[in-house]
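# Observations on the model geometry
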Amino acid sequence: MTIQADAIEKDRNYSVPVAARPDFVLARGEGVTLYDTEGRAYTDWVAGIAVNALGYGDQELNAAVGQQMDTGLIHVSGLYHTQALAELAELLCSISFAEKVYFCNSGAEANEGALKFARKLAYNKELTHKTKVVSFSDAFHGRTMGALAITPKEKYQIPFRPMVPGAVVGEFNSIESASEIIDDETVAVIVEPIQGEGGINIATAEFLQALRQLCDQHQAALIFDEIQCGMGRTGELWAYSFSGVTPDIMTLAKPLAGGLPVGAVLTNEEVGSAMSPGDHGSTFSGGAVVMRAAEVVINRVISDGFMEHVKEVGDYLLERLSEINSPHITDVRGRGLIAGIELDIPPAGIVNQGYEHGLLLASSGSNVIRFIPPLIIEKKHVDELVEKLTSILEGIDDQAES
Ligand SMILES: Cc1ncc(COP(=O)(O)O)c(C=O)c1O
């Protein structure tokens, strides 16, 4: 039996079947290319779902993780200080609006934390009637019970009802809808400045500004979920920057530690200081190896030329995608290296054909192919992508005609 067949059989027999994985087994990665156990190469436009910002095999990242491992200090829990955590907290505050940071292990966990922080602030102010959390259509904030309640997609929610109470959904990018539902009972408003899972939908500056104003008016915390769109992916450090608005809380995860599991809740002084010892925590939060990895990723992303590269390749990606002449493409949108093409056919067929052409692609929403590659991807990879996508789309037309 091949390694591939063996791994697929074991996975099918023993893993809880929450994912439908394609029939190959990834074995190693280099740069923006992944290789399977049969030696086939795939240019990676998924990056572990917007995670592997520095691609695969980054020497500096590997060395930092190795050095921390060599100290013997992988994990000590949140009960004790480590230099790695303290330095990363300072670094994150120095490059953002934040004055306090809480580390955790995933995006969903960061959003759960954000919701609790907002609730604690209201509690401290004796505003315990404030329990409503507003999110927006097509949002994705995670799959744990609190995060799921504010992720308004029936497919994800129905089997797990009842949801955590208090979640109210407005229409994304509609100031009118936000004005109708944000009120004095609202404790928090959460929004992705660019919706990733929902179909690469970009919030307008006016919408984010209106949310800021409504949150101020009703003493609600404004949470920006930058888990997918943040940390340099748009060519700006924070995707919301274009709006001129500052949130009270921002959640990060995915790319922050270059592929190691991490989440972070960044807060202003008021929100962060509302939390006291024992209010929140997690055994693995802020592990030293992960913190050292994140330090490397952040320093690389803010280093000279890095975000300019993201912007340049991102612009080129949008330009080249717009040139694909296919009747099936109904829109091309994005910012930096978070982009998508909207289709009038289901994207799954194209994702599957991508594998045969040596491309890893991911869908988003119901009809979008999304591009969220390692941030080190280059224009030559864009050319390869466009050439292969064009051929896949032409193949679909030929099939339809025959
Ligand atoms: C915007 C956003 N928030 C939250 C999450 C949840 O993150 P995780 O899968 O790490 O729990 C995701 C994951 O796709 C996301 O894109």
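Up top is the structure.
Residues numbered from 1 in each chain as written. Predicted model: local features only at pLDDT ≥ 70, side-chain atom pairs only at ≥ 80, totals over all residues. Heavy atoms only, no water.

### Some remarks on the pairing of strand β13 (residues 329-335)
The following threshold applies: Note on pairing: two strands pair once DSSP finds at least 2 bridges between them. Working definition: helices are DSSP H or I runs of at least four residues, strands are E runs of at least two. Numbering for both runs from the N terminus.
As paired elements, β13 and strand β14 (residues 338-343) share six bridges and run antiparallel to each other. In the strand pairing of β14, I329 is matched with L343.

### A closer look at empty space enclosed by the protein
So the rule is basically this: Here a cavity denotes grid points, spaced 1 Å and computed from the protein atoms alone, that fit a 1.4 Å probe unable to get out, and a pocket denotes an open set having protein on both sides within 12 Å along at least 5 of 7 lines; residues with an atom within 4 Å of a point are the lining. Grid points are joined across faces, edges and corners, and a volume is the space filled by probe spheres set on the points. Gly falls in the polar group here, along with every residue not listed as nonpolar (Ala, Val, Leu, Ile, Met, Phe, Trp, Tyr, Cys, Pro) or charged (Asp, Glu, Lys, Arg).
Within this structure, the stated rule accounts for one cavity of 30 Å³ or more. Class assignment for the residues of the lining of the largest cavity results in four nonpolar, seven polar and no charged.

### A few points about the side chain of K130
Convention followed: Per-residue accessibility, obtained with a 1.4 Å probe over protein chains only, is compared with the maximum for each type, and a residue is labelled buried under 20%, exposed over 50%, and partly exposed between these values. For this count, His and the chain ends are skipped, Lys and Arg are scored as positive, and Asp and Glu as negative. The term salt bridge refers to a side-chain nitrogen of Lys or Arg lying within 4 Å of a carboxyl oxygen of Asp or Glu. Distance and chemistry together define a polar contact, namely a pair of N or O atoms within 3.5 Å, with one atom able to donate a hydrogen and the other to accept it when in protein, and with adjacent residues in sequence counting only for side-chain atoms on both sides. Residues are treated as being in contact if the distance between any of their heavy atoms lies within 4.5 Å.
Mapped onto the elements of the fold, K130 is located in the loop between α5 (107-124) and β5 (132-136). Nearest to the buried, unbridged K130 among oppositely charged side chains is D184, at 5.3 Å. A polar side-chain atom of K130 sits 2.5 Å from the main-chain carbonyl oxygen of H218. Among residues more than four places away in sequence, those in contact with K130 are R119, A122, D183, D184, E185, T186, V187, H218, Q219 and A220.

### As for the packing of helix α4 (residues 83-94) against helix α11 (residues 288-301)
Between two packed helices, both the angle of their axes relative to each other and the distance between the axes serve to describe the pair. Under the convention used in this document: In this analysis, axes come from line fits to C-alpha atoms, helices being fitted only over the stretch in contact, and the angle between any two N-to-C directions falls in the range 0 to 180 degrees. Oblique is the label for every angle not falling under 35 degrees (roughly parallel), over 145 degrees (roughly antiparallel), or within 65 to 115 degrees (roughly perpendicular). In a left-handed crossing the near helix is turned counterclockwise from the far helix by less than a right angle, and in a right-handed crossing that turn is clockwise.
With their axes 8 Å apart at the nearest point, α4 and α11 run at an angle of 30 degrees to one another. In terms of their interaxial angle, α4 and α11 are classed as roughly parallel. Both α4 and α11 take part in a crossing whose hand is left-handed. Together, Q83, A84, L85, E87, L88, L91 and L92 of α4 and A288, M291, R292, A294, E295, I298 and N299 of α11 make up the contact between the two elements. When its residues are assigned to classes, the contact of α4 with α11 shows nine nonpolar, two polar and three charged.

### Things to note about the sheet that holds strand β17 (residues 368-371)
With respect to topology, four strands assemble into an open sheet ordered β13-β14-β17-β16, the strand pairing being antiparallel. The open sheet terminates on both sides in strands that have one partner only, identified here as β13 and β16 (362-364). Between one strand axis and the next, the sheet turns through 30 degrees on average, direction left out of account. Direction of pairing for β16 relative to β17: antiparallel, over a ladder of three bridges.

### Observations concerning the nonpolar core
Note the threshold: For this analysis, a nonpolar core means a set of buried residues of the types Ala, Val, Leu, Ile, Met, Phe, Trp, Tyr and Cys, connected via side-chain atoms within 4.5 Å.
Core analysis: the largest hydrophobic core is formed by 93 residues, its most contacted members being L211, I350, L361 and F371. Here this core gets 10 residues from one element, more than from any other, and that element is α11. Here L211 is in contact with F136, A178, I182, V189, V191 and L222, once residues within four sequence places are set aside. Residues Y102, A114, I227 and A253 belong to the second largest nonpolar core, which totals 24 residues.

### Some thoughts on the site of the ligand
Which entries qualify depends on this criterion: Nearness is judged by heavy atoms alone; a residue qualifies as near a molecule or strand once a single heavy atom is within 4 Å of it. Per-residue accessibility takes into account occlusion by the displayed protein chains alone, with areas from the Shrake-Rupley method and a 1.4 Å probe.
By nearness alone, 13 residues border the ligand, and G107, A108, D225, Q228 and K254 come closest of all. A108 has a polar backbone atom sitting 2.8 Å from an oxygen atom of the ligand. For the ligand, an oxygen atom lies 3.0 Å from a polar atom in the side chain of K254. Here the ligand loses 83% of its free accessible area of 390 Å² to cover by the protein chains. Of all the elements, α5 adds the most residues to the shell around the ligand, at three residues.

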